Amino acid sequence: MTTAPPSPRVLPHPARDEIRLESVLHALSDPVRMRIVSELADAEAALSCSRFDLPVTKSTTTHHFRVLRESGVIQQVYEGTAKMNGLRREDLDALFPGLLNALLTASRRQTARGARA
C-alpha cells in the first residue's frame, strides 16, 4: 500500500513531547501574540485568522501566528480557504500545569491596569 504525499496545506506543528518551555515563553512574551492567545482562550471554537483585529500588518500577523504554531501554543488547520486557530490548552496544561492560566490572568490584570491609567 502506498501513502499519499502530505498535502501542501498541512502545517507543521511540534508533537507534545517536542514543545519546549523556552519556546512557549518566548512566544507568549509578545503583547500581540498574548492577545491572540487570550482571544483563543475565550473562544468556544477555533477562530480564523481574519477574526482577529490586530494593530499590525497582515504579514506581521502571519509571523505572529507562525511563532505561536511553531512553539506549540496553537494548532492551525485549513478549513477550505480559511486557516483556523485553536489553543493547544490540553498539551500546554499537561506539560506545564498552571502556566497558561497564570499568564492569561497576569495579562488580563495588566490590561485592566492600563485601561485605568
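Residues numbered from 1 in each chain as written. Predicted model: local features only at pLDDT ≥ 70, side-chain atom pairs only at ≥ 80, totals over all residues. Heavy atoms only, no water.

### Looking at the pairing of strand E3 (residues 82-87)
Thinking step 1. Bridge analysis of strand E1 (residues 47-48) against E3 gives two bridges, and the strand direction is antiparallel. Bridge pairing in E3 places Ser 48 opposite Met 84.
Thinking step 2. Where strand E2 (residues 74-79) meets E3, six bridges bridge the pair, whose relative direction is antiparallel. Its bridge partner lying in E3, Tyr 78 is registered against Lys 83. (Pairing = 2+ DSSP bridges. Helix = DSSP H or I, 4+ residues; strand = E, 2+ residues; numbered from the N terminus.)

### Focus on the nonpolar core
Thinking step 1. Core analysis: the biggest nonpolar cluster contains 22 residues, and Ile 36, Val 37, Leu 68 and Val 73 have the highest contact counts within it.
Thinking step 2. Mapped by element, the contributors of at least two residues to this core are helix H1 (21-27), helix H2 (31-42), helix H3 (58-71) and helix H5 (99-116).
Thinking step 3. Looking at which element gives the most residues to this core, the answer is H2, with five residues.
Thinking step 4. Leave out the neighbours within four places in its chain, and Val 73 touches Val 24, Ala 27, Leu 28, Val 37, Leu 68, Gly 86, Leu 87, Arg 88 and Leu 92. (Core = buried A, V, L, I, M, F, W, Y, C linked by side-chain atoms within 4.5 Å. Buried < 20%, exposed > 50% of the residue type's maximum accessible area, 1.4 Å probe, protein only. Contact = heavy atoms within 4.5 Å.)

### Focus: the pattern of salt bridges
Side-chain pairs of opposite charge can arise whenever the charged atoms involved come near each other.
Thinking step 1. The full count for this structure, using the stated rule, is seven salt bridges.
Thinking step 2. Of the charged contacts, one joins Asp 91 and Arg 16 as a salt bridge, the two residues approaching to 2.7 Å between their closest N and O atoms. One end of the pair, Asp 91, is in helix H4 (residues 89-95); the other, Arg 16, is in the segment before H1, and 75 residues separate them in sequence.
Thinking step 3. Here Asp 91 falls in the buried class, since its relative accessible area comes to 16%.
Thinking step 4. By relative accessible area, which is 33% here, Arg 16 ends up partly exposed.
Thinking step 5. Beyond isolated ion pairs, a larger network of salt bridges with shared partners links Arg 16, Arg 88, Glu 90 and Asp 91. (Salt bridge = Lys/Arg side-chain N within 4 Å of Asp/Glu carboxyl O.)

### Here's the deal with the environment of Gln 76
Thinking step 1. Structurally, the position occupied by Gln 76 is in strand E2.
Thinking step 2. As a C-alpha pair, Gln 76 and Phe 65 span 11 residues in sequence and 8.7 Å in three-dimensional space.
Thinking step 3. Separated by 2.8 Å, the side chains of Gln 76 and Arg 69 make a polar contact. (Polar contact = N/O pair within 3.5 Å; in protein donor to acceptor, adjacent residues only side chain to side chain.)

Take it as geometry only, folks, not as evidence of what the structure does.
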